[in-house]
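Given next are the chains, with one letter for each unit.
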Amino acid sequence: MATIIGCVTTSHVPAIGRAIEKGLQDEPYWKPFFDGFEPVHRWLATASPDVVVMFYNDHGLNFFLDKLPTFAIGAAPKYRSADEGWNIPQVRPFTGDPDLSWHIINSVVADEYDVTTCQEMVVDHAVCNPMALLWPGGDPWPVSIVPVEINTVQFPLPSAARCYGLGQAVGRAIASFPQDARVLIMGTGGLSHQLDGERAGFINKEFDEQFMASLASDDPAWATQYSTVELVEKAGSQGVELLMWLAARAALGAGAREVARSYHIPISNTAAGMMLLEPA
Ligand code: DHB
Ligand code: FE
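Just so it is clear, the model here is predicted, and its values are computed rather than measured. Residue numbers here run from 1 along each chain, matching the order of that chain's written sequence. Going through the entries in the order they are written, you letter the chains from A and number the ligands from 1. A pLDDT threshold of at least 70 governs which residues receive local features in this predicted model, and a stricter bar of 80 or more applies before side-chain atom pairs are shown or counted, although totals over entire chains, interfaces and linings include all residues. Calculated side-chain values reflect all of the structure's heavy atoms, with hydrogen atoms and water omitted.

Chemist: Looking at this structure, how should I read a nonpolar patch on the surface?
Modeler: What makes a patch is a set of residues exposed beyond 30% relative accessible area and free of salt bridges, joined within 9 Å when like-charged and within 5 Å when nonpolar (Val, Leu, Ile, Met, Phe, Trp, Tyr). Here the accessible surface of atoms and residues is derived via Shrake-Rupley with a 1.4 Å probe, and residues count as covered only by protein chains that are part of the display. Throughout this description, the term salt bridge denotes a Lys or Arg side-chain nitrogen within 4 Å of a carboxyl oxygen of Asp or Glu. Nonpolar side chains collect at one region of the surface, where Phe64, Leu65 and Val153 lie side by side and expose about 280 Å² of accessible area between them. Positionally, Val153 belongs in the loop between strand 8 (144-150) and helix 6 (160-175). Only protein chains enter the accessibility calculation, which uses a 1.4 Å probe; a residue is then buried when its area is under 20% of its type maximum, exposed when over 50%, and partly exposed in between. Val153 gets classed as partly exposed once you look at its relative accessible area, which sits at 40%. Runs of E in the DSSP output that reach at least two residues are strands. Runs of H or I that reach at least four are helices, and both are numbered from the N terminus.

Structure (structure tokens):
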């Protein structure tokens, strides 16, 4: 049987890829951010996941505005890293887990989440940077991946409640997967940031801290009280990527125990957060 062993949520800012390429991890600007992952590396050494189920938002690479699913799940044997325009170096391809992908797809569609299925999929900085943060070097990646993509690029976005529900459905699907697998859930994006418009540079530390605390509390669905427009107001037009954190937390199951947390302003234009949770 598959077991969910934990959940890591993190920002995925493109500049992380360049900092890794140039070896800037110990520079004053980057050190507090990279140091935040040390407890995760220690935890991974004993947790030893086999597969990552990763909630992320594509940024116009695999999907573009002309055809943009609300929810999509990868079912490919391999996922190539590619760049939608940040000019960051590419990482080694990721191995997929088509059996787990199709099990999750069948299960969530039966649960009335009608996802787009992707037997070919390229993945952007929102997958590659978080993977490189958890497994520096990535040579080879010690886990396979199942990408679960949620649209945060073009309105209408799925509601926070809908994303929470999808996360719960993915969690139920993993729990019913008959093969042995140690599954790490990940969610990437956020926290508060806005890249364009009048509020470019917007960050909301108070909201981010409330949101992170809610994920470790006995009210993890706290953020579902807000509409997506309210979440944009509170977290910024790109900060709405926090929907990935919410879906990932929902997939973890009812109770969670916080193992580690970091929060650092700024990394590029973003309040960079990280949380590691275990099932209670
Ligand atoms: C930045 C943050 C993002 O989440 C992203 O997808 C692109 C850029 C930034 O802060 O620069
Ligand atoms: Fe992003």
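Chemist: Would you mind showing me how to read the state of the cysteines here?
Modeler: Cysteine sulfur atoms that pair up within 2.5 Å are treated as a disulfide. The tally for this structure, following the rule as stated, stands at zero disulfides. Counting only cysteine sulfurs, Cys128 is the nearest neighbor of Cys118, a cysteine outside any disulfide, at a range of 15 Å. We classify Cys118 as buried; its relative accessible area is 6%. Among the residues examined, Cys128 registers a relative accessible area of 5% and is labelled buried.

Chemist: I'm lost on the packing of aromatic side chains in this one. Help?
Modeler: Each aromatic ring pair is summarised here by two numbers: the centre-to-centre distance and the angle between the ring planes. Planes of paired rings set the category: under 30 degrees apart is stacked, over 60 is edge-to-face and the rest tilted, where pairs are Phe, Tyr or Trp rings (Trp by its six-membered ring) whose centres lie within 6.5 Å. Scanning all chains against the criterion turns up twelve aromatic pairs. Relative to Tyr113, the ring of Phe71 has its centre 6.4 Å away and its plane inclined at 65°; by these criteria the two rings are edge-to-face. Here Phe71, found in strand 3 (residues 71-74), pairs with Tyr113, found in the loop between helix 4 (98-110) and strand 6 (116-118); they are 42 residues apart in sequence, far enough to count as distant. Note on accessibility: Phe71 and Tyr113 belong to one class, buried. Pairwise contacts between aromatic rings join Tyr29, Trp30, Phe33, Phe34 and Phe37 into one cluster.

Chemist: What is the right way to read the coordination of the iron ion (ligand 2) from this model?
Modeler: Angles at a metal have ideal values that depend on geometry: 109.5 degrees with four tetrahedral donors, 90 or 180 degrees with six octahedral donors. Distances from the iron ion (ligand 2) to its protein donors, His12 (NE2), His59 (NE2) and Glu241 (OE), fall within 2.0 to 2.2 Å. Every donor residue of the iron ion (ligand 2) comes from the same chain, spaced as H-x46-H-x181-E. One end of the pair, His12, is in the loop between strand 1 (2-10) and helix 1 (15-22); the other, Glu241, is in the loop between helix 8 (228-235) and helix 9 (242-252), and 229 residues separate them in sequence. According to the relative accessible area criterion, His12 is buried, its value standing at 4%. Excluding water, the donors of a metal are its N, O and S neighbours within 2.8 Å, or within 3.2 Å for Na, K and Ca, and that exclusion means sites may look incomplete.

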